[in-house]
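# Per-entry structural report
Given next are the chains, with one letter for each unit.
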Amino acid sequence: MAKRIVFLGGGTGGIVGSLALAEAKKKHNLDLEVTVINKDEWHYMPPLWMDVALEGLPIEKTRAPIKNLEKYGVNVVIGEATKINPDERNVEIADGRKVEYDYLFVTLGLRNGWEAYPGLAEAGYHNYDPEAAQVFNKALNTFKGGKVVILVPEVPFRCGIYPMEFASVLGYKLKVKGINAKITILSPSMNGMDISWGLGPDIKRLWNKYFNRFGVEIKTHEGIERVDPEKKVVVTKNYEEPYDLLVKVPPPRPPKVLEDPMFLFEHDKRFVKARPRDFRHPEYDDIFLTGEHSMPPTGLGTAGVFIHAATSKAVNLLLNELYGVGEVHEHTPVACVAYSGDKGFMGVCEVTFDGEKYNWQKCYNVMESFAMKLVKRAFYQGWLDRLRM
Ligand SMILES: Cc1cc2nc3c(=O)[nH]c(=O)nc-3n(C[C@H](O)[C@H](O)[C@H](O)COP(=O)(O)OP(=O)(O)OC[C@H]3O[C@@H](n4cnc5c(N)ncnc54)[C@H](O)[C@@H]3O)c2cc1C
């Protein structure tokens, strides 16, 4: 009987893994059935939501119909999963259906935990979902100047370079428009260090260039108490910061369907456990957890590039175990393209595995240029084009 391999979540991990399996099935004539369950009909590319907020990019350009996976031989189930039953090997869908599996890959991303701090849900703007990014774009278009605060309540957060990347592009845009604004990033203190040091001194040097050019300030805080949307002030444990425009980064929280002791990482319940060596659930060998929710417990970062690498590694491990095909590669350096002010850059992080978990060795800026900005756009649009034909 064909092995049933199910991906719960049709985002970065779900697409990478299901397409890799579909390709292997065709190439090696394997007896397997690949299915993706996704709560709605769209596969989104979240990095493009920054372009929705800053450039007014239409939402349609940030997504593609997930049903088009079927052209590659992947089954698609549209529906919201409400429960995973590891002992029965099935996933329950809100409309009552049950999807059976032999192997399950959980790639559900992280939830935006706005409820974590009083006032945070009501205050400010963000581009961590497409509709919110559109609202944010309207607010930016009518912004006349003043104090912009980019609030990062906790580490880690979704996409580790986002606040610096956003500040560099916003600083450039406001300057070009002749709008007088002061940008301040409020960063959690990591033993006195701020988040712009997160990828090491080489990338920090790149950010500093833009911080100096656009007068961006970065201040550390010892934790957030609340945000007061009426008085327009962020109350931290060690000071109060007023703002005219608040840009907020969500506290990371696990997807609801994984809020169960069976899944939560006991040392930090904001995340979901996975065995670093192979991304399997510690007790259930037939469940792989390669979504954003499981990256910090393995030592990896909360960004698409890590989910891509983790999912591809786990898929190849499984192909090798089941059919003796698929190259099980060591963890390779991860590369990402991002905006920097009016340009773009490619950053690389070397990652090694010490037998227990992954370790970041060194990150560096490979190239910064105007062309890299186009490379970022071309990469993400090309990614979506696979599901647009
Ligand atoms: C604004 C922003 C900018 C970013 N920029 C970058 C960047 O420049 N580089 C980078 O590498 N990463 C970036 N990231 C991070 C990257 O997008 C994520 O790390 C990555 O998409 C997570 O992959 P995933 O497969 O775990 O989940 P996702 O890609 O988030 O996909 C999860 C999928 O699961 C579905 N789903 C959720 N709950 C259910 C349910 N109960 N039932 C069924 N389906 C469900 C969702 O609809 C979604 O399709 C950015 C993220 C954001 C938000």
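Refer to the structure presented above.
Here we summarise the structure given alongside this text. Every chain's residues receive numbers from 1 upward, in the order its sequence appears when written. Two thresholds apply to this predicted model, a pLDDT of at least 70 for residue-level local features and 80 or more for giving and counting side-chain atom pairs, whereas whole-chain, interface and lining totals are computed over all residues. As a convention, hydrogens and water are excluded, and side-chain values are obtained from all of the structure's heavy atoms.

Strand pairing is assigned whenever DSSP identifies at least 2 bridges connecting the two strands. In this description a helix means any DSSP run of H or I spanning at least four residues, a strand means any run of E spanning at least two, and both kinds are numbered starting from the N terminus. Note that strand β21 (residues 343-353) and strand β22 (residues 358-369) share 10 bridges and pair antiparallel. Bridging across to β22, V351 finds its partner in W360. In this antiparallel pair of consecutive strands, β21 and β22, the connection spans four residues, and G355 shows a positive phi of 100°.

So, about the site of the ligand. The full set close to the ligand counts 26 residues, and T12, G13, N38, A81 and E292 are the nearest of them. The term polar contact refers here to a pair of N or O atoms within 3.5 Å; inside protein, the definition further demands a hydrogen-donor-capable atom paired with an acceptor-capable atom, and it admits residues adjacent in sequence only when both atoms are side-chain atoms. Within the side chain of T12, an N or O atom sits 2.8 Å from an oxygen atom of the ligand. At 3.0 Å from an oxygen atom of the ligand is found a main-chain nitrogen or oxygen belonging to G109. Each accessible area value is a Shrake-Rupley result obtained with a 1.4 Å probe; residue values ignore everything except the protein chains displayed when judging cover. The fraction of the free accessible surface of the ligand (990 Å²) that becomes covered by protein chains is 92%. Secondary structure elements with two or more residues in the shell around the ligand: α1 (12-28) and α7 (304-323). Looking at which element gives the most residues to the shell around the ligand, the answer is α7, with three residues. One heavy atom within 4 Å of a molecule or strand is enough for the residue carrying it to be called near that molecule or strand.

What follows concerns the sheet that holds strand β12 (residues 181-188). The four strands lie next to each other as β13-β12-β11-β17, forming an open sheet whose pairing is parallel. The sheet is open, and its two edges are formed by β13 (217-221) and β17 (245-248), each paired on a single side. Neighbouring strand axes in the sheet, compared pairwise and without regard to direction, differ in orientation by 25° on average. Sheet strands touched by helix α4 (residues 162-177): β11 (146-151), β12 and β17. Its angle to β12, the strand with the most contacts, is close to 175°. Helix axes are fitted to C-alpha atoms over the stretch in contact, other axes to C-alpha atoms as well, and angles between N-to-C directions run from 0 to 180 degrees. Contact definition: two residues touch when any of their heavy atoms are within 4.5 Å.

For this analysis, a ring pair means two rings from Phe, Tyr or Trp (six-membered ring only for Trp) whose centres lie within 6.5 Å, classed as stacked if their planes differ by under 30 degrees, edge-to-face if by over 60, and tilted for the remaining angles. Within this structure, the stated rule accounts for 15 aromatic pairs. Measuring from centroid to centroid gives 4.7 Å for F353 and Y358, while their planes differ by 40°, and the two rings are tilted. Between buried and exposed lies partly exposed: a residue is buried under 20% and exposed over 50% of the maximum accessible area for its type, with that area taken using a 1.4 Å probe on protein chains only. A residue is classified by how much of its surface remains accessible, and F353, at 22% relative accessible area, is partly exposed. Each residue in the set Y125, Y128, F136, Y162 and F166 is aromatic and connected to the rest through ring pairs, giving one cluster. Stacked on the ring of F353, the Lys or Arg K313 has its end atom at 5.5 Å from the ring centre. To sit over a ring, a charge needs its Lys NZ or Arg CZ within 6 Å of the ring centre and within 35 degrees of the ring normal. Lying over the aromatic face of W383, R386 brings its terminal NZ or CZ to 4.5 Å of the ring centre.

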